[in-house]
Amino acid sequence: MKKKTIPNNSRQKIFIDIFIIFLFILGSYFIISSKYNFVNGDEGTYAFKTKILYENHELDLKNQAALSIGQLVIGYVFSTIFGYSLKTLHRSVYFTVFFCIISFYFLLLQTGIERYLALIGSLSLFINPLTLRFIDWYITEPFFLLYILIALNLYVAALKSSKVGYLYLGSVFTTIAIFTRQHSIFLPIALIAFLMIKRQQFKDYFYHFFLSSVIPLIATATFYLLSTTQGDYAIRLQHLKRLTNPLYLSLTLLKDLLYSLHYSVLYTLPLLMIILIGALIKKDYLKDLFLKRPFLLAISISCTSLGTIIVFFQFKKLMPYLPNIFSIGNITSLFGIKILKNKTASVLLTIFTAFGAALILSRIFEYFHWKKLKKFFTEKNQTEATILIRHFMYISGIFYFLTSVILLLLYDRYIFPLAIFVIFFILIKFSWITNFKKTGLIIFLIIYSIFIVKIKNRCPRAENLWDAGNLLISKGINPKEINGGSGFGFYHNFYSVRKIYKNVKIKRPINWHKFHPMANFFLSSKSKFKKHPGLEIFDTVKNEKNTIYIYKRKPNYQKPIWIH
């Protein structure tokens, strides 16, 4: 199968699209991150380990369930070129996110989606609260997402051209993806499943397909057998045992599918808005959206409503509750003026995402209609290669979902890669949104403006905690004596805190090492600890938004102090 060359005019348009994506990334940098100088939460761990790699040329993987090798390598390369600093690591995230979006753009083009849809699809991966949070956070997700997208591009290129070199190169990036986040293991498993389904079509290349699929699995198994990496997998093992119960497995798959779809709608918000507005403008599209398969839509609405109820009783919150992005309250205020009450906004957002999830679910159900089984995954006016590629994308999406369920990884950041496959699915099933280019552009700009403003006010508390910790260090206080929150603690005290508590017998909560209860100095934005019997005010750090209180342990008080 010969690879088609891209006409010059198409190449020019592709370069224009890449430039548009670049402008979004660059604009985001100047809006939210030009003064970045701190770490928050888990990124403290990754920044610390990158520092070790840069200064000691040692890949430190101890005490870490997620290996994050791919992230550390990119951080190391940037530090080697520009010098190590938190700012350098932060810029490496922008670089990574930019190439994530570009990789997704080319992946969509390779699946037979037209250029405009590929552009808005790739921008949808960027214009959502989680990506805009990632771009301001030296966390693992953007890095392993990049390796996944590069691997998918290479596998798709192999399907398109029958060149086995793409397969083996894809295996290399798949292995790096697994060593960055373990649940990237879905990729080789999806490739094996696809190979088994389509083995007759690849009988001449069966050996190469199979070998390139198992190489990442063998590399991963070998690494873990030889590695001293530590991790607590007891909860996941218990979950795996419970999955052997058919009833538990069925309920888990149903609940987690609906949970994932809710989040996926939030991640693909610009596309869904174009679909809804387009349907309201044109009756034909409205009919296609709501009346083409009314029975399937009714079932889908019932399922997603049930899913919302189940999740509400489990988490005591409506979906989506955005635990790691920003609060509902933050979304519902504009220029300091409260537009909606938090509860009202939460209900409206839940209704919107539930409806979007029902819409996507109804389209998924269409594929499993008994009359259409013989035409599974086929599309009109598409080449055999394009149909194969689309089939592979669907299989990959299914296996990412199953991997997340089996490994108990249904958490907003871990669900996020499903957005790749959901965006692809939406563009395939609602290609008529290309008729609303101007409307789509306006929607994208409005949603981007709202989200970027909210992200700009991301975490002043974490930044102030970092500044307060640095103030103590400048006064000669050893970082080992400071409880400055998880980001500060992971960066300055990743191992020292563990050494301090190695022989201390105290009742420890989950992630107890984040709290450092035997510290001499405690940082908090809460004033209530002034009444704590073991603490006294040492200093305060103020800015226009909040105050950080620096508490000092009283000399005669030697009990653990739990402060967060």
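This structure is a prediction, so every number in the text was calculated from the model and none was measured. (Residues numbered from 1 in each chain as written. Predicted model: local features only at pLDDT ≥ 70, side-chain atom pairs only at ≥ 80, totals over all residues. Heavy atoms only, no water.)

### A few points about the overall build of the protein chain
In step 1: In terms of regular secondary structure, the protein chain is built from 24 helices and 6 strands.
In step 2: Expressed as a percentage of its 564 residues, the buried residues of the protein chain come to 54%.
In step 3: In the protein chain, once contacts between residues fewer than 6 apart in sequence are set aside, the share between residues at least 24 apart is 75%.
In step 4: A total of about 26600 Å² of accessible surface is found on the protein chain, and carbon and sulfur atoms cover 64% of it. (Helix = DSSP H or I, 4+ residues; strand = E, 2+ residues; numbered from the N terminus. Buried < 20%, exposed > 50% of the residue type's maximum accessible area, 1.4 Å probe, protein only. Contact = heavy atoms within 4.5 Å. Areas by Shrake-Rupley, 256 points an atom, 1.4 Å probe, with all protein chains shown as cover.)

### Observations concerning helix α12 (residues 246–267)
In step 1: If you check α12, its first and last C-alpha atoms are 31 Å apart, about what 22 residues at 1.5 Å a residue would give, namely 32 Å.
In step 2: The backbone nitrogen of Leu247 has a side-chain oxygen 2.9 Å away, supplied by the residue at the start of α12, namely Asn245. (Expected span 1.5 Å × (residues − 1). Polar contact = N/O pair within 3.5 Å; in protein donor to acceptor, adjacent residues only side chain to side chain.)

### Quick look at the pattern of salt bridges
In step 1: One pass over the structure, following the stated rule, counts 6 salt bridges.
In step 2: Here Lys255 and Asp256 are joined by a salt bridge, their closest N and O atoms 3.8 Å apart. (Salt bridge = Lys/Arg side-chain N within 4 Å of Asp/Glu carboxyl O.)

### Things to note about the sheet that holds strand β4 (residues 521–524)
In step 1: Sheet architecture is open: 4 strands sit in the order β3-β4-β6-β5, paired in mixed fashion. With one partner strand each, in any of the chains shown, β3 (482–483) and β5 (535–542) form the two edges of the open sheet.
In step 2: Two elements, β4 and strand β6 (residues 547–553), share 4 bridges in a ladder whose sense is antiparallel. If you follow Phe522 over to β6, its bridge partner there is Tyr551. (Pairing = 2+ DSSP bridges.)

### Things to note about helix α4 (residues 86–110)
Think of an α-helix as 3.6 residues a turn; residues three or four steps apart then line up on the same face.
In step 1: The end-to-end C-alpha separation of α4 is 36 Å, in line with the 36 Å expected for 25 residues at 1.5 Å each.
In step 2: With 20 of 25 residues buried, α4 is to be regarded as a mostly interior element.

### Considerations on the nonpolar core
If you look at soluble globular proteins, the nonpolar side chains tend to sit buried side by side.
In step 1: Within the largest apolar cluster, 138 residues are counted, with the highest numbers of intra-cluster contacts made by Ile21, Leu125, Phe126, Ile420 and Ile433.
In step 2: Setting aside chain neighbours within four positions, we find Ile21 in contact with Phe98, Ile101, Ile102, Tyr105, Leu119, Ser122 and Leu123.
In step 3: One finds Phe522, Tyr549, Tyr551 and Ile563 within the second-largest nonpolar core, a separate group that totals 9 residues. (Core = buried A, V, L, I, M, F, W, Y, C linked by side-chain atoms within 4.5 Å.)

### Here we look at empty space enclosed by the protein
In step 1: Counted according to the given criterion, the structure contains 5 cavities of 30 Å³ or more.
In step 2: In this structure, the second largest cavity spans a volume of roughly 60 Å³.
In step 3: Ranked by residue count, the leading element in the lining of the second largest cavity is α4, at 3 residues. (1 Å grid on protein atoms, 1.4 Å probe; cavity = no way out; pocket = protein on both sides within 12 Å on 5 of 7 lines; lining within 4 Å. Points joined across faces, edges and corners; volume = space filled by probe spheres on them.)

### Remarks on the packing of aromatic side chains
In step 1: Throughout the structure, instances matching the rule amount to 32 aromatic pairs.
In step 2: Ring centres of Phe98 and Phe99 lie 5.2 Å apart, and the angle between their planes is 75°; this geometry places the pair in the edge-to-face category.
In step 3: One aromatic cluster is present, formed by Phe19, Phe22, Phe78, Phe82, Phe95, Phe98 and Phe99 through successive ring pairs.
In step 4: If you follow Arg133 out to its NZ or CZ, it ends over the ring of Trp137, 4.1 Å from the centre.
In step 5: Lys437 extends its terminal NZ or CZ atom over the ring of Tyr116, reaching a point 5.3 Å from the ring centre. (Phe/Tyr/Trp six-rings, centres within 6.5 Å; stacked < 30°, edge-to-face > 60°. Lys NZ or Arg CZ within 6 Å of the ring centre and 35° of its normal.)

### What to know about unusual backbone geometry
Most of the time, phi is negative for any residue but glycine, and the peptide bond is trans.
In step 1: Unusually for a residue other than glycine, His57 sits at a positive phi of about 55°.
In step 2: Mapped onto the elements, His57 comes out in the loop between α2 (43–56) and α3 (69–82).

### A short note on the packing of α12 against helix α15 (residues 294–315)
In step 1: At a minimum axis distance of 9 Å, the contact between α12 and α15 shows a crossing angle of 95°. With respect to α15, the axis of α12 lies roughly perpendicular. Every residue of α15 that contacts α12 at Leu254, Lys255, Leu258, Tyr259 and His262 is listed here: Cys303, Thr304, Leu306, Gly307, Thr308, Ile310, Val311, Gln314 and Phe315.
In step 2: A class-by-class count of the residues in the contact of α12 with α15 yields 8 nonpolar, 5 polar and 1 charged. (Axes fitted to C-alpha atoms, helices over the stretch in contact; angles between N-to-C directions. Parallel < 35°, antiparallel > 145°, perpendicular 65-115°, else oblique. Nonpolar A, V, L, I, M, F, W, Y, C, P; charged D, E, K, R; others polar.)

### Examining the side chain of Ser212
In step 1: Tracing the backbone through its elements, the reader meets Ser212 in helix α10 (residues 206–226).
In step 2: A relative accessible area of 0% means that Ser212 is categorised as buried.
In step 3: Only 2.9 Å separates the side chain of Ser212 from the backbone oxygen of His208, close enough to count as a polar contact.
In step 4: Residues in contact with Ser212, not counting those within four places in the same chain, are Tyr155, Leu167, Tyr168, Ser171 and Leu191.

### Considering the pairing of β4
In step 1: Burial along β4 is two-sided: the residues Phe521 and Leu523 and Phe522 and Ser524 are all buried.
In step 2: Of the strand pairs in this sheet, β3 and β4 are connected by 2 bridges, and their pairing is parallel. Bridging from a neighbouring strand, Asn483 pairs with Phe522 of β4.

### Brief notes about the confidence of the model for the protein chain
In step 1: Looking at the protein chain, the pLDDT average stands at 81 and 82% of residues meet or exceed 70.
In step 2: Mean pLDDT across the secondary structure elements of the protein chain bottoms out at helix α16 (residues 328–331), with 60, and peaks at α4, with 94.
In step 3: Considering only residues more than four positions removed or in separate chains, one finds that residues 1–7, a stretch of pLDDT under 50, has 6 contacts. (pLDDT = per-residue confidence, 0-100.)

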